[in-house]
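# Understanding the architecture of this molecule
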Amino acid sequence: MSYTLSHLRELESESIFVMREVAAQFDNPVLLFSGGKDSLTVAHLAYKAFYPAAPPFPLMHIDTGHNFPEALDFRDWLVDKMGVKLIVRTVQDSIDRGRVKEEKGPNASRNSLQTVTLLDALEEFKFDAAIGGARRDEEKARAKERFFSHRDEFGQWDPKHQRPELWNIFNGRKEVGEHFRVFPISNWTEMDIWQYIALENLEIPSIYFSHVRSCIERDGIILAYSDYITLKEGEEVQDRRVRFRTVGDMTCTGAVESEATTVQDIIQEVAASKTTERGARADDKRSSVAMEERKKQGYF
């Protein structure tokens, strides 16, 4: 199938406009990058926004230490291809310095610990804007975000005090110590991302395609078995044919059973799906407002 959908070009144009506004309004921005489909799309849009020059900001990855190897390999490949600087800060370093305390037990995850590592990194480099790949359709807390999302001097977000963005006029004014999170693909959906990947013929990590992997099933979620998973009584490791709709910490990112081996297969699968892509994220199920609480504390 050939994609010439005009709405994708409209979304692309909007995102590029937001990206250029970041370069115009902020002194020291950074692009948050994980190697997943959304962040690679944002990186591609940044490349197009400033071509033939390189994007005027580095990429930064907050590494939990429990990432999928495929995502890390893709991250390094793309950074080399784009010729941009990559900054990596690790949760393990935050643990070693006593900034955060590792969770214990079979459901332990480092996902929420990223918040402190991220805020420390923003302070270390004095970044005043952090560009992310969040979309409003992902989760109800994400839907409350503006394109330019203000964070106070503690890195915290208050959804009740957001600035209007009428006629695509963005207000990036801030006090010393404050910063903004910027979400250029806010108006995109999961389907838009995949159709755009097909349209632009973008390379993506192999983890998004169907493959056989050792897995366990816990609380209805299929998790990739790894050294970071502690088995509970009665749990068994089984080989299953799966793929991942979202990429995050291995301890809480669920897979879906799938036969999709091409981007076109994924598009058809997403169109038929009755669950959101974050429906298999164990960290989102800890409470009904898990994401919003994390975001208020400074999460992505």
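These lines cover the structure that appears in this document, whether it is placed above or below. (Residues numbered from 1 in each chain as written. Predicted model: local features only at pLDDT ≥ 70, side-chain atom pairs only at ≥ 80, totals over all residues. Heavy atoms only, no water.)

## As for the overall build of the protein
Counted only if it meets this: Secondary structure follows DSSP: runs of H or I at least 4 residues long count as helices, runs of E at least 2 residues long count as strands, and numbering of each begins at the N terminus. The globule rule is 2.2 Å times the number of residues to the power 0.38, and the radius of gyration it is compared with is taken over C-alpha atoms. Buried residues are those whose accessible area, probed at 1.4 Å on protein chains only, stays under 20% of the maximum for their type, while exposed residues exceed 50% and partly exposed ones sit between those limits. Residues count as neighbours in contact if any of their non-hydrogen atoms are within 4.5 Å of one another. Per-residue and other accessible areas follow the Shrake-Rupley method at a 1.4 Å probe size, with only the shown protein chains counted as cover for residues. Only four residue types enter the charge count, namely Lys and Arg as positive and Asp and Glu as negative; His and the chain termini do not. Where a charge sits is defined by one atom per residue type, namely NZ (Lys), CZ (Arg), CG (Asp) or CD (Glu).
Across its full length, the protein holds 8 helices and 10 strands. In summary, the protein has a C-alpha radius of gyration of 19 Å against a globular reference of 19 Å for 300 residues, a match within 12%. Its C-alpha atoms put the protein at 55 × 50 × 35 Å along the principal axes. Here the protein holds 300 residues, and the buried ones make up 55% of them. Across the protein, the fraction of contacts at a sequence separation of at least 24, relative to all contacts at a separation of at least 6, is 73%. Entry remark: accessible area of the protein is about 14,000 Å², with carbon and sulfur atoms responsible for 49%. Between the averaged position of the 41 positive side-chain charges in the protein and that of its 50 negative side-chain charges there is a distance of 3 Å.

## What about the packing of aromatic side chains?
The condition is simple: Here a Phe, Tyr or Trp ring, Trp counted by its six-membered ring, pairs with any other such ring whose centre lies within 6.5 Å, and the pair is stacked when the planes are under 30 degrees apart, edge-to-face when over 60, and tilted otherwise. Counting as a charge over the ring demands two things of the Lys NZ or Arg CZ atom: a distance within 6 Å of the ring centre and an angle within 35 degrees of the ring normal.
Counted under the stated rule, the structure contains 13 aromatic pairs. Taking 5.9 Å as the distance between ring centres and 85 degrees as the angle between the ring planes, the aromatic pair formed by Phe50 and Phe57 counts as edge-to-face. The burial state of Phe50 is the same as that of Phe57; both residues are buried. An aromatic cluster of three or more residues is present, and its members are Phe17, Phe26, Phe147, Phe148, Phe170 and Phe180. Sitting above the plane of the Phe147 ring, Arg136 keeps its charged end 5.1 Å from the centroid.

## Things to note about the environment of Leu31
Residue position: Leu31 is located in strand β1 (residues 29-32). Placed 212 residues apart in sequence, Leu31 and Arg243 show a C-alpha to C-alpha distance of 26 Å. Among all residues touching Leu31, those that are not within four sequence positions of it are Val42, Ala43, Ala46, Phe57, Pro58, Leu59, Met60 and Ile131.

## Focus: the sheet that holds strand β4 (residues 129-131)
Rules: Each pair of strands is called paired provided DSSP finds at least two bridges between the two strands. Throughout, an axis means a line fitted to C-alpha atoms (over the contacting stretch in the case of helices), and angles, computed between N-to-C directions, take values from 0 to 180 degrees.
Spatially, the 6 strands line up as an open sheet ordered β3-β2-β1-β4-β6-β5, and their pairing is mixed. Each of the sheet's edge strands pairs with one partner strand only, and the pair in question is β3 (86-90) and β5 (148-151). Between one strand and the next, the sheet's axes are offset by a mean angle of 30 degrees, whatever the strand orientation. Bridge analysis of β1 against strand β2 (residues 59-63) gives 2 bridges, and the strand direction is parallel.

## Let's talk about the packing of helix α2 (residues 37-50) against helix α6 (residues 190-200)
So the rule is basically this: Our angle categories are set so that under 35 degrees counts as roughly parallel, over 145 as roughly antiparallel, 65 to 115 as roughly perpendicular, and the remainder as oblique. Should the near helix be turned anticlockwise from the far one by less than a right angle, the crossing is left-handed, and should it be turned clockwise, the crossing is right-handed. Each residue gets one label: Ala, Val, Leu, Ile, Met, Phe, Trp, Tyr, Cys and Pro are nonpolar, Asp, Glu, Lys and Arg are charged, and the others, such as Gly, are polar.
Look at α2 against α6: their axes get within 11 Å of each other, and the N-to-C directions meet at 55 degrees. Classified by the angle between their axes, α2 and α6 sit oblique to one another. Seen from above, α2 lies across α6 with left-handed handedness. Between α2 and α6, the residues in contact are Lys37, Asp38, Thr41, His44, Leu45 and Lys48 and Glu190, Ile193, Trp194, Tyr196, Ile197 and Glu200, respectively. Grouping the constituent residues of the contact of α2 with α6 by class yields 5 nonpolar, 2 polar and 5 charged.

## So, the pairing of strand β6 (residues 179-182)
Of the two faces of β6, the one carrying His179 and Arg181 and the one carrying Phe180 and Val182 are both buried. Relative to β6, β4 runs parallel, the two being bridged by 3 bridges. From the neighbouring strand, Ala130 faces β6, where its bridge partner is Arg181. By the bridge criterion, 4 bridges tie β5 to β6 in an arrangement that is antiparallel. Residue pairing for β6: Phe148 is matched across the bridge by Val182.

## A word on helix α5 (residues 114-125)
Operational definition: What a helix is expected to span follows from its residue count: subtract one and scale by 1.5 Å.
With 12 residues, α5 should reach 16 Å at 1.5 Å per residue; the first-to-last C-alpha distance of 17 Å fits that figure. Those residues of α5 lying buried are Gln114, Thr115, Thr117, Leu118, Leu119, Asp120, Ala121 and Leu122. Lys126, located one to two residues past α5, shows a positive phi value of around 55 degrees.

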